Amino acid sequence: MDPLFLGAILAVVTVLVLFSGVSVAVGLLIVSAGFLLIFDGARSLQLLPEIFFGKLDNFALLSIPMFIIMGASIASTRAGADLYEALDRWLTRVPGGLVISNLGACALFAAMSGSSPATCAAIGKMGIPEMRKRGYPDGVAAGSIAAGGTLGILIPPSVTMIVYGIATETSIGRLFLAGVIPGLLLVTLFMMWSLYDTWRSGAVDALSGRSFTWKQRFEILPRVLPFVAIILGVLYAMYGGLATPSETAAVGALMCLAVAIVIYKLWSPKLLWDVLRDSTRESVMILFIIAAAGVFSYMLSSLFITQSIAAWIGTLDVNPWVLMFAINIFLLIAGFFLPPVAVILMAAPILLPIVISAGFDPYWFAVVLTINMEIGLITPPVGLNLYVINGIAPEISLRTILVGSLPFVACMVIAILLLCLMPSLATWLPDYIMGQAI
Amino acid sequence: MASDENSNLSGPGERTGWLQAVDAISTLCGWVSATMILISVGITCQMIFVRFVLNQSTIWQTEAVTFLMVAATLIGLPYVQKLRGHVNVDLIPLMLRPPVRKALALFTLSVSIIIVALMLVYGFEFWHTAWSRNWKSDTVWGVRLWIPYLAMPVGFGLLLLQLVADLAAVVTGLDKPFNINKESR
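Residues numbered from 1 in each chain as written. Chains lettered and ligands numbered in written order. Predicted model: local features only at pLDDT ≥ 70, side-chain atom pairs only at ≥ 80, totals over all residues. Heavy atoms only, no water.

### As for the overall build of chain A
On a plain count of helices and strands, chain A comes out with 22 helices and zero strands. For chain A, whose C-alpha radius of gyration is 22 Å, the value lies close to the compact-globule estimate of 22 Å for 438 residues. Each of the three principal axes of chain A carries a C-alpha extent, and together these read 75 × 45 × 45 Å. When burial is assessed residue by residue, chain A has 60% of its 438 residues classed as buried. The long-range share in chain A, meaning contacts at least 24 apart out of those at least 6 apart in sequence, stands at 78%. Working note: accessible area of chain A is about 16400 Å², and carbon and sulfur atoms make up 70% of it. One way to put it: in chain A the 20 positive side-chain charges average out to a point 13 Å from where the 22 negative ones average out. (Helix = DSSP H or I, 4+ residues; strand = E, 2+ residues; numbered from the N terminus. Rg over C-alpha atoms; globule rule 2.2 N^0.38 Å. Buried < 20%, exposed > 50% of the residue type's maximum accessible area, 1.4 Å probe, protein only. Contact = heavy atoms within 4.5 Å. Areas by Shrake-Rupley, 256 points an atom, 1.4 Å probe, with all protein chains shown as cover. Lys, Arg positive; Asp, Glu negative; His and termini not counted. Charge placed at Lys NZ, Arg CZ, Asp CG, Glu CD.)

Below you can see the structure in the form of C-alpha cells.
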C-alpha cells in the first residue's frame, strides 16, 4: 500500500482510538501494534518491548521527574501566595499593580514550577479573591490567571520543552532560553490587555494601588528569596556548563524539597508523601506516553510513513509560510483535545523534518508549538486551566472564566504573529548566550 | 482530559475482596516507584559531588539512575492506573448515553488488556533472552541486563492485573464507566 495513503488511514484510526476514551499511552500502543501486525507481520511485535525500553533508557529523561518534584514541592507550600504578596507590596505605586503582580507572580511561579495547572492554582487561590475584592471584573480576574498559568510550559524550566528536546534531539538548554523572551512578551501582552479591560469596564478604582510601608515590603522577602535563589542557581549551573539539565534538576529537586521542609515546615510524612505521590503520578504518566510515542514513531518510520509525508510535502512546492500556517492550525486543533506532551511526542518527529526543510529554526518552532499548546490549555473542550480556575474559584461561572480567557487567546495569537515577523525573539537569546546553533 | 482533574469525575468506589487486594498491590507499587525516584535524586546529587567536589570520575551512577527511572516508570504504571492518572480524552464518552458509555468502557478496557498482555508476553521474552544469554551492558559497570529488563514483565504484569480489576469493577457496577458521574452532557 502507498505509505501516504497508509498515513491517512493511520491518522483517522489514531484519532478514533484516542477519542474512544482509552488512555493516550495505551492508545498509541494499540495503534502501533495493530498497524505493525497488519502491515509488517506478527514478528515485528517482538521488537516492541525493546523499543519501549530503549526510549526510556535515556539519562536526559531524568530531568522530567526532577523538575516535576521541584514544581510539586514549591506548589505544596505557600510560596505562590508569598510571591504574589511580595510583588503586590512592591508594585503598589504602579497603576493596576494588583493584576500586574498576579501576572508577574504567574510568570515567576511558572519559572519555578514548570507546570501550568500548578501555577494557576498557586497564584489564583489568593490572587483571584483579592482582585475581585478590589473591584476587578470577574472575567479579568479569572482570565488573567488562567492565561498567566499557561506560561508554565513556556518559561524555563519547562517539562514541555524537555519533552520536545528529547523527541527532536535538540538542545534542552537552548530550548529553555528560546522560551524566555517570548514568555516575557506574552506576560506583557497579558498585562496590557488586563489593564485595558479593567479600565474599559469602568473599574478605574481597582487600578489605584494601596500603600505599604518599607518594613512590610522587606519583611516578606526572606520567604520568597530561597526558591528564587534555587531557580537562579539551577539556571546558572546549566548555562555555566557545570552540569547537564538532568543533573542540575536533581540538585534543584533536592534543594526545593529541603526549602519546603525547613522554611515552609513541610515535615509531616503525610504532606511529603503527597508531594512525592503527585510527582510520581505525573512523571509516570508523562514517561509512559514518551515510551509509547517512541513505539508509535518507530511504527511510522518502519512503515515508511514519516519519510513519505516529508517527501510529499517537499514536492508540493508551497510557500513555507502557508505550510507554517497549516501546521499551526493542525497544532491548535490537536491542542484543543490532547495534552501538550502527547501532541509534541506524536507530531514533532513528523513535523520537524518538514519544518527544517522549509527553512525554519527548530528552536523557534518549539516556541510557536508551545504557544499553540498554551492556547489549548485555556480553550474548551479540554482547557485544563479553565477547570483548575473553576475548582479554586467556584463562585465564578465556567462561562465567565471562558469568556474572560478568550482575549488572552488573542494575545497568544498576536505573540505567534510577532514571532513569525521577528523570529529572533526566540532565537536571539540562545544564540547570544550559547553561540549559533550548528 | 485527565479523569482525576475534571470536576465531573470521581474516584473509584469501595472495593472489597480481590479487587481490594489488587488496589493494595498497586499502591505498594506507587511507594516503590516513588522511592526509586527519590533514590535517583540522591544518586544524582552524589554523582555531582563525586565529580565536581572530589574531582573523581563516576562509574555506575548515570546508568543506575537511568535504569532506576525506567523501573520507576514501569513499576509505577499500575499505581497511576489505580489513581486514574493516565491521561485520556473523555469528550466522546461524556456525550454518550450511560448504556453506550458502559459498552465503550468495557470495549476500551478489554482492548487495553489485550495490548498490555501482549507487552507482558513479549516483555517476558525480552527479559528471558537477556537472562538466558547473560547479557551485560557495554559500559565500565557492565550491569547484567536481565536486572533492569525485569521491570518490563513485572510492570506490565501488574498493570494488567489492575486493568482486569478495573474491568471487573465496571462490569459489576462498582466503578462508573470512565469514572464519569454525570448522566450525559
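### Quick notes on the interface of chain B and chain A
Counting from both sides, the interface comprises 59 residues of chain B and, opposite them, 53 residues of chain A. Carbon and sulfur atoms make up 81% of the surface buried where chain B meets chain A, a total of about 5000 Å² over both sides. Counting every contact that joins chain B to chain A gives one salt bridge. The residue B:Arg51 makes a salt bridge to A:Glu247 at a minimum N-O spacing of 3.1 Å. Summed over the shared surface of chain B and chain A, the result is three residue pairs in polar contact (both at pLDDT 80 or more). Per-element accounting of the side of chain B that touches chain A gives the leading share, 14 residues, to helix α1 (residues 17–53) of chain B. Per-class residue counts for the side of chain B that touches chain A are 38 nonpolar, 16 polar and five charged. (Buried area = accessible area lost by both parts, 1.4 Å probe. Salt bridge = Lys/Arg side-chain N within 4 Å of Asp/Glu carboxyl O. Polar contact = N/O pair within 3.5 Å; in protein donor to acceptor, adjacent residues only side chain to side chain. Nonpolar A, V, L, I, M, F, W, Y, C, P; charged D, E, K, R; others polar.)

### What to know about the environment of B:Asn55
Residue and element names in this part refer to chain B. With respect to the helices, strands and loops of the structure, Asn55 is situated in the loop between α1 and α2 (61–82). On the basis of relative accessibility, which here comes to 68%, the residue Asn55 falls in the exposed class. With 51 residues separating them in the primary sequence, Asn55 and Leu106 have C-alpha atoms 57 Å apart.

### Points about a nonpolar patch on the surface
Residue and element names in this part refer to chain A. Residues Met1, Phe5, Leu37, Ile38 and Phe39 make up a contiguous nonpolar surface patch of about 540 Å² in total accessible area. Broken down by element, the nonpolar patch gets its largest block of residues, three residues, from helix α2 (residues 24–40). Assignment of secondary structure puts Phe5 in helix α1 (residues 3–19). (Patch = residues over 30% accessible without salt bridge, like charges linked within 9 Å, V, L, I, M, F, W, Y side chains within 5 Å.)

### Here we look at empty space enclosed by the protein
If you walk through the whole model with that rule in mind, you get four cavities of 30 Å³ or more. If you trace the largest cavity, you find 22 residues lining it, with A:Gly21, B:Gln81, B:Arg84, B:Leu109 and B:Phe178 closest to the centre. Broken down by secondary-structure element, the contributors of at least two residues to the lining of the largest cavity are α4 (98–132) and α6 (151–171) of chain B. For the lining of the largest cavity, the element with the most residues is α4(B), which contributes four residues. When its residues are assigned to classes, the lining of the largest cavity shows eight nonpolar, 10 polar and four charged. (1 Å grid on protein atoms, 1.4 Å probe; cavity = no way out; pocket = protein on both sides within 12 Å on 5 of 7 lines; lining within 4 Å. Points joined across faces, edges and corners; volume = space filled by probe spheres on them.)

### A word on the side chain of A:Ser194
Residue and element names in this part refer to chain A. Residue position: Ser194 is located in helix α10 (residues 172–200). Accessibility expressed as a relative area gives 0% for Ser194, which makes it buried. There is a polar contact of 2.8 Å between the side chain of Ser194 and the backbone oxygen of Phe190. Not counting chain neighbours up to four residues away, the residues in contact with Ser194 comprise Val99, Leu103, Val140, Ser144 and Phe408.

### A short note on the pattern of salt bridges
Residues and elements named next belong to chain A. Evaluated as defined, the whole model comprises 20 salt bridges over all chains. Close ionic contact of Asp197 with Arg200 constitutes a salt bridge, the shortest N to O distance being 2.5 Å. Residue Asp197 and its partner Arg200 are both found in helix α10; the two are separated by three residues, about one turn of the helix. Judged by relative accessible area, which is 12%, Asp197 ranks as buried. A salt bridge links Arg277 to Asp274; its shortest N-O distance comes to 3.6 Å.

### Some points on α1(B)
In a regular helix each residue adds 1.5 Å, so 37 residues correspond to 54 Å; α1(B) covers 54 Å between its end C-alpha atoms and thus fits that length. After α1(B) finishes, the residue B:Asn55 shows a positive phi value of roughly 60°. (Expected span 1.5 Å × (residues − 1).)

### Considering helix α4 (residues 63–75) of chain A
In an α-helix there are 3.6 residues to a turn, and that puts residues three or four apart on one side. Residue and element names in this part refer to chain A. Across its 13 residues, α4 extends 18 Å between first and last C-alpha, which sits within 8% of the 18 Å expected from 1.5 Å per residue. Of all 13 residues in α4, 12 are buried, a share of seventy percent or more. Ser63, Ile64, Pro65, Met66, Phe67, Ile68, Ile69, Met70, Gly71, Ala72, Ser73 and Ile74 are the residues of α4 that are buried.

### Considering the packing of helix α18 (residues 340–357) of chain A against helix α19 (residues 362–377) of chain A
All names here are of chain A. At a closest axis distance of 11 Å, the pairing of α18 and α19 adopts a crossing angle of 145°. In the crossing of α18 with α19, the sense of the turn from one axis to the other is right-handed. Mapping the contact onto sequence places Pro340, Val343, Ile344, Leu351, Leu352, Val355 and Ile356 in α18 and Pro362, Phe365, Leu369 and Met373 in α19. For the contact of α18 with α19, a count of residues per class yields 11 nonpolar, no polar and no charged. (Axes fitted to C-alpha atoms, helices over the stretch in contact; angles between N-to-C directions. Left-handed = near helix turned anticlockwise from the far one by under 90°.)

### A short note on the nonpolar core
Soluble, globular proteins show a tendency: their nonpolar side chains are buried together. Counting residues in hydrophobic clusters, the biggest one holds 208 residues, and the most contacted among them are A:Phe52, A:Ile64, A:Phe365 and B:Phe156. The element contributing the most residues to this core is helix α15 (residues 269–302) of chain A, with 15 residues. B:Leu19, B:Val22, B:Ala165 and B:Ala168 belong to the second largest nonpolar core, which has five residues in total. (Core = buried A, V, L, I, M, F, W, Y, C linked by side-chain atoms within 4.5 Å.)

### Quick word on the packing of helix α7 (residues 116–133) of chain A against helix α8 (residues 138–150) of chain A
Residues and elements named next belong to chain A. Between α7 and α8, the shortest axis-to-axis distance is 8 Å and the interhelical angle comes to 160°. Put simply, α7 runs roughly antiparallel to α8. As for how α7 packs across α8, the hand of that crossing is right-handed. On the side of α7, the interface is formed by Ser116, Thr119, Cys120, Ile123, Gly124, Ile128, Met131 and Arg132, while α8 contributes Asp138, Ala141, Ala142, Ser144, Ile145, Ala146, Gly148, Gly149 and Thr150. Looking at the contact of α7 with α8 residue by residue, the classes come out as eight nonpolar, seven polar and two charged. (Parallel < 35°, antiparallel > 145°, perpendicular 65-115°, else oblique.)

### Quick look at the side chain of A:Thr248
Residue and element names in this part refer to chain A. With respect to the secondary-structure elements, Thr248 resides in helix α14 (residues 245–262). Of the residues examined, Thr248 reaches a relative accessible area of 4% and is grouped as buried. In this structure Thr248 touches Val234, Ala237, Met238 and Ala243, once residues within four positions along its chain are discounted.

Worth remembering: the numbers are spatial, not functional.
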